[in-house]
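Descriptive analysis of the structure
Here is how the chains run, residue by residue.
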Amino acid sequence: MTSDISIFSMKLPRTYIRSIFARIINILYCMYKKISCSDEMCLAIIAAVFLFSRVVYYLLDISMTMGGWLLNQSFLKTDLLQSIFYLHIQPPIMNLLYGILMKFFGDYWLMYAHIIFIALGLCLSIALFLLMRRLGVSPSWSLFFSVLFIISPPSILYENYFYYTYPSATMLCVAALFLHKFITVWKWKDGCIFFFLLSALVLTSSFFHPIWFFAIVVLFITMFSNRRKMILKLAAI
């Protein structure tokens, strides 16, 4: 009688494990030294890899699903705005999006929701690259980590699940990008987009409580007291 032996149950010598990690680090270092491209070329590669990977996953029959946390369809179809207004246990944006898609596209609403989430994924991938570049990461490493995120299983999972997680992640990353631009050049446009995204997060996920928003405003006023009026006006908008 024979038994299957899993590779994960084998105890490998430490020296062998160290040699594997050393080879991986060496490969990554060679990639870092050899790959040299402009930001525009890196963005084009990111877009190409993203679109190609999504076509592959589509051919593998990976489709979008929805959870049971949304409002009843009958409520959203008959009286969308009143249903959203009296919903106090959830932020309104996801149910509002759900209701609008149902009203316009009927039984095909999930397909159009999938298109929206794919667009959010591309936006998130580009924002991730641009944020790393603004933080001083080299183009090659920024490209590498962006591509790694694009093809990662968690990214595919949440992109195909109609839930607030993926939109929240996109808004957080884009908000971080405009935050860096805002505190660098102090332009009204960047600050307006930053605070708008924070407000949208509060209206999307219950994890981001209004107290969280006000705490960020207070923190900004404390850290940048010379820009107090500007920050208060932007937060009020």
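This one's a predicted model, so the numbers in the text were calculated from it and none came from an experiment. (Residues numbered from 1 in each chain as written. Predicted model: local features only at pLDDT ≥ 70, side-chain atom pairs only at ≥ 80, totals over all residues. Heavy atoms only, no water.)

Points about the environment of Ala 113
- When you line up the elements, Ala 113 lands in helix H6 (residues 109–134).
- Considered as a pair, Ala 113 and Met 102 are 11 residues apart in the sequence and their alpha carbons are 9.9 Å apart.
- Non-local contacts of Ala 113, meaning those with residues more than four positions away in its chain, are made with Met 64, Leu 101 and Phe 162. (Helix = DSSP H or I, 4+ residues; strand = E, 2+ residues; numbered from the N terminus. Contact = heavy atoms within 4.5 Å.)

Remarks on a nonpolar patch on the surface
- Taken together, Leu 81, Leu 96, Ile 100, Phe 104, Phe 105, Tyr 108, Met 111, Tyr 112 and Ile 115 make up a surface patch of nonpolar side chains, about 930 Å² in accessible area.
- Elements with a contribution of two residues or more to the nonpolar patch: helix H5 (93–105) and H6.
- The greatest single-element share of the nonpolar patch, amounting to four residues, is contributed by H5.
- With respect to the helices, strands and loops of the structure, Ile 115 is situated in helix H6.
- Taking relative accessible area as the criterion, Ile 115 reaches 49% and is therefore assigned partly exposed. (Patch = residues over 30% accessible without salt bridge, like charges linked within 9 Å, V, L, I, M, F, W, Y side chains within 5 Å. Areas by Shrake-Rupley, 256 points an atom, 1.4 Å probe, with all protein chains shown as cover. Salt bridge = Lys/Arg side-chain N within 4 Å of Asp/Glu carboxyl O. Buried < 20%, exposed > 50% of the residue type's maximum accessible area, 1.4 Å probe, protein only.)

Remarks on the environment of Gly 99
- Of note, Gly 99 is situated in helix H5.
- As for Gly 99 and Leu 80, which are separated by 19 residues in sequence, their C-alpha atoms are 6.4 Å apart.

Quick look at unusual backbone geometry
- With a phi angle near 65°, Asp 61 is a residue other than glycine that sits in the positive phi range.
- By the secondary structure assignment, Asp 61 is in the loop between helix H2 (39–59) and strand S1 (65–66).
- Look at Trp 186: it is not a glycine, yet its phi comes out positive at around 55°.
- Of note, Trp 186 is situated in the loop between helix H9 (165–185) and helix H10 (188–202).

Spatial relationships are all this shows, so hold off on functional conclusions.
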